[in-house]
2 protein chains.
Amino acid sequence: MFSKYLASTIAAFLGISNAACNYGTSEFPREPNVPASKFSYTGLTGPLNWYGLNETANAMCDKGMNQSPINIVTTNATITHGASVSLNIPSYPGGADFENLGTNVEVVVNGTLIDANKTYSLAQFHFHTTSEHRINNEYYPMEIHFVLEAADKTIAVVGFLIDFGPTDPLLSSVFASVSEIPSPGNVTLTGPLDFSILQYHLTHNTIYRYEGSLTTPPCSEKVKWIIGTKPLYIDVDTYKEVKKVVKFNARYTQDGLGQANLLENAATELNR
Amino acid sequence: MFSKYLASTIAAFLGISNAACNYGTSEFPREPNVPASKFSYTGLTGPLNWYGLNETANAMCDKGMNQSPINIVTTNATITHGASVSLNIPSYPGGADFENLGTNVEVVVNGTLIDANKTYSLAQFHFHTTSEHRINNEYYPMEIHFVLEAADKTIAVVGFLIDFGPTDPLLSSVFASVSEIPSPGNVTLTGPLDFSILQYHLTHNTIYRYEGSLTTPPCSEKVKWIIGTKPLYIDVDTYKEVKKVVKFNARYTQDGLGQANLLENAATELNR
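Residues numbered from 1 in each chain as written. Chains lettered and ligands numbered in written order. Predicted model: local features only at pLDDT ≥ 70, side-chain atom pairs only at ≥ 80, totals over all residues. Heavy atoms only, no water.

Peer 1: Describe the interface of chain A and chain B, and please don't skip the residues or the numbers.
Peer 2: Interface size, as often reported, equals the accessible area lost upon joining of the parts. Chain A puts 42 residues into the contact, and the matching count from chain B is 42 residues. At the boundary of chain A with chain B, total buried surface from both sides reaches about 3800 Å², with 58% on carbon and sulfur atoms. Of all residues in chain A, A:Leu48, A:Tyr139 and A:Leu270 give up the largest surface area on contact with chain B, accounting jointly for 19% of the area buried on that side. The interface formed by chain A and chain B includes 4 salt bridges. The partner of A:Arg272 in a salt bridge is B:Glu55, with the nearest N and O atoms 3.7 Å apart. Counting the contacts that link chain A with chain B gives 19 residue pairs in polar contact (both at pLDDT 80 or more). Of all the secondary-structure elements, those providing two or more residues to the side of chain A that touches chain B are helix 2 (50–53), helix 3 (59–63), strand 10 (155–164), helix 6 (236–246) and helix 7 (262–270) of chain A. (Contact = heavy atoms within 4.5 Å. Buried area = accessible area lost by both parts, 1.4 Å probe. Salt bridge = Lys/Arg side-chain N within 4 Å of Asp/Glu carboxyl O. Polar contact = N/O pair within 3.5 Å; in protein donor to acceptor, adjacent residues only side chain to side chain. Helix = DSSP H or I, 4+ residues; strand = E, 2+ residues; numbered from the N terminus.)

Peer 1: So what's going on with helix 7 of chain A? Residues and values would help.
Peer 2: Counting buried positions along helix 7 of chain A gives 7 out of 9 residues, so the element sits mostly inside the fold. Those residues of helix 7 of chain A that are buried are in contact with helix 3 of chain A together with helix 2 (50–53), helix 3 (59–63) and helix 7 (262–270) of chain B. (Buried < 20%, exposed > 50% of the residue type's maximum accessible area, 1.4 Å probe, protein only.)

Peer 1: Describe the pattern of salt bridges, naming the residues involved and giving the relevant values.
Peer 2: One pass over the structure, following the stated rule, counts 12 salt bridges over all chains. Notably, a salt bridge pairs A:Arg209 with A:Asp115, separated by 2.8 Å at the nearest N-O pair. A residue pair is termed long-range when its members are at least 10 positions apart, and A:Arg209 in strand 12 (residues 206–213) and A:Asp115 in strand 6 (residues 112–115) qualify at 94 residues. Here A:Arg209 matches A:Asp115 in class, with each residue buried. For B:Lys224, the salt bridge is made with B:Asp115, and the minimal N-O distance between the two is 2.6 Å. A residue pair is termed long-range when its members are at least 10 positions apart, and B:Lys224 in strand 13 (residues 221–228) and B:Asp115 in strand 6 (residues 112–115) qualify at 109 residues.

Peer 1: How would you explain the environment of B:Ala57 if you had to name every residue and give the values?
Peer 2: Secondary-structure assignment places B:Ala57 in the loop between helix 2 and helix 3. The spacing of B:Ala57 and B:Ser220 is 163 residues in sequence and 9.1 Å in space, taken between C-alpha atoms.

Peer 1: So what about the state of the cysteines? Which residues, and what values?
Peer 2: Residue and element names in this part refer to chain A. As enumerated under the stated definition, the model contains 2 disulfides over all chains in all. Here Cys-61 pairs with Cys-219 through a disulfide, and the sulfurs are 2.0 Å apart. The sign of the S-S torsion, about 90°, decides the handedness of the disulfide formed by Cys-61 and Cys-219: right-handed. One end of the pair, Cys-61, is in helix 3; the other, Cys-219, is in the loop between strand 12 and strand 13 (221–228), and 158 residues separate them in sequence. The exposure class of Cys-61 is buried, given its relative accessible area of 1%. Residue Cys-219 is classed as buried on the basis of its relative accessible area of 0%. (Disulfide = S-S within 2.5 Å.)

This is the structure we're talking about:
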């Protein structure tokens, strides 16, 4: 199967824009400065050295003071009703592209989010295991992120924690083919995708809101986070299949919003 | 119920040795320099600032070059047969003390490990979620650590990864009362403990070996790690009960053995 990943990486090195593929957001390793092969979740390519990989592009990873993911303390959290947003993603009865990026598995779909009178365009959604956000210190086995960008380049991410339980139909259909993309660069199709239950789930429950960052290089800030307070569900067998492919791809919990970046703090402590 | 944790913390502040309780190892927050309340897994008391909590006692957390946990790459790992060690833990038909330390839940039992003609004394075992060690980049939902110390103060830790499956009888009996210790300082009794199957499991399979560190402050090195290559098992319901109490208590993956400490490396990068 043709590798979009390889093509994107080559395009990224050549500085070719990938806009035609709708990879408009900067969370993904398809930008000239952050090729996919350059970051991981282990050792010197892992989260504690993302800044070291590119000190200009990834400056916020070590210096930003509103970095994600965070531990959400529910008693202090900003919580609004999900009816305040409108997420519209068309059905994909024939499935959508499902790609192994090395650091993640990603589904390429279009759609829109309207929040506070601004429209954001959906480029893709992807998964983290474990969850990146924690709620009152507790983590969850997985987390799903829908990454969107407005015309003014503002980024929004709609996320849901995923707990163990009977797998939601959408996740079941997405992961039906995860074993077909075991290696970076592999591409396949998901099963048929219908987002209507997810949209209902989002708009009929409450949501946590905060302004944070991308959780991957370049860790850009001013990202609008919208996280459902009610989780989605996955069964253990499906989780194990996904984990076998994704392995571990959660950035460590950052310090509270507006607090010193934990890595800049560590450097200060070590230089005393 | 009387709080041993509180008593230990007070004793630690007063500099009173806790040897009579067999808390001989330094992994636990019962030493004068590392009171329980001083470290956590979040923010400025979390793993990225353990050094900042006590720059003398916890120097190795930021400077040690053989820190644990690591990602074990099986093609490079030192693997020996488990028959090379002998782990002997008496049965506790009436159960053993089971304590919530704030950062962990711990079972207080005696026993011995003999390895390379040296005898180590067991003080306790405890649990991490997620696993601290990763195998070929993949994490597991939990990990158990048996912490032992020899007469010359050398520390050994016998660990097992814990995957999802039918709960092993030992874990089932340990966790039967976990919901009775929801808060730091709570103490209860486990169900009856019989270690014979665990001992068989250890000595009839292969083990990973390496020399690393404690995974909690003071992050002391020259710790002998012995990790079973075959996991134990826990079912999802029991896991959820444990996670509700422990929440998240895994140190981030360290760099490879002999490599620069990731936090010292980060400081170097930030000071360029």
